[in-house]
Amino acid sequence: MPAFAPAILALSLLAAAPAHAVVNLPMPAHLAGAAATDKVVLAARRYAAFWQSGDPAVARQALADDFTDRTLPAGRPQGWAGPLQASQVFHAAVPDLQVTIDDMLVAGDRVTLRLHFTGHFTGVFPTPQGELRGQGQSIDFYAFDLYRVNAQGRISDNWHLEDNLTLLRQLGVLVP
């Protein structure tokens, strides 16, 4: 597959998606530093809703045109194409994915979150050795994100750290 193919796929998904997707935005269990309706909080809630739904239209609402992943994993395209690609892969593996915001702390144009991902591995996950098929294993891991939100209320920068060791063990990619 050409290197630009994921970016073309992501852009085509965005173009086909409705501009105003209606989804339930996750509410943080604990919120400090802002009101739940603050534009920084709303951007973070929209991005969590995107990870839960996989809906590119929700990503459009959450991410700035110049979105930059500051901790870009190897092989993932920069910009909007990266999260769209990652979400597509993860939803193919865990179709019943649920994302909750356990903690959210806002300081100016920055917001940090502790996200909780749960579901069941009933789909297919790509590995260097080939596709791994799920057997219904429970998925339960955390991620920490830091976003910078622009004046338009969209995430322009993202720094993130996921508990991939736990995730890969639960998927069966790594043996405990």
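The structure presented is a predicted model; accordingly, all values stated were derived computationally and were not measured.

The rules behind these values
Residues numbered from 1 in each chain as written. Predicted model: local features only at pLDDT ≥ 70, side-chain atom pairs only at ≥ 80, totals over all residues. Heavy atoms only, no water. Helix = DSSP H or I, 4+ residues; strand = E, 2+ residues; numbered from the N terminus. Buried < 20%, exposed > 50% of the residue type's maximum accessible area, 1.4 Å probe, protein only. Contact = heavy atoms within 4.5 Å. Areas by Shrake-Rupley, 256 points an atom, 1.4 Å probe, with all protein chains shown as cover. Patch = residues over 30% accessible without salt bridge, like charges linked within 9 Å, V, L, I, M, F, W, Y side chains within 5 Å. Salt bridge = Lys/Arg side-chain N within 4 Å of Asp/Glu carboxyl O. Pairing = 2+ DSSP bridges.

1. Comments concerning the overall build of the protein chain
When helices and strands are tallied, the protein chain shows five helices and eight strands. Buried residues in the protein chain amount to 43% of all 176 residues. Counting only contacts in the protein chain whose residues sit at least 6 apart along the sequence, the fraction spanning at least 24 positions is 60%. Accessible surface, the protein chain: about 8,900 Å² in total, of which carbon and sulfur atoms supply 59%.

2. Quick look at the environment of Gly79
Inspection of the secondary structure puts Gly79 in the loop between strand 2 (63–69) and helix 4 (81–93). Here Gly79 falls in the buried class, since its relative accessible area comes to 13%. Considering only alpha carbons, one finds Gly79 and Asp157, 78 residues apart in sequence, at a separation of 9.5 Å.

3. Re a nonpolar patch on the surface
Together, Leu165, Val173 and Leu174 give the surface a local cluster of nonpolar side chains, amounting to about 210 Å² of exposed area. As for its position among the elements, Val173 is in the segment after helix 5 (164–171).

4. Quick look at the pairing of strand 4 (residues 110–121)
As judged from the nine bridges shared by strand 3 (residues 98–107) and strand 4, these two strands associate in the antiparallel manner. Its bridge partner lying in strand 4, Ile101 is registered against Leu115. Once strand 3 ends, the chain turns through two residues before running back antiparallel as strand 4, passing Gly108 with a positive phi of about 65°. As paired strands, strand 4 and strand 7 (residues 137–149) are joined by twelve bridges and run antiparallel to one another. Bridge assignment links Arg114 to a residue of strand 7, and that residue is Phe144.

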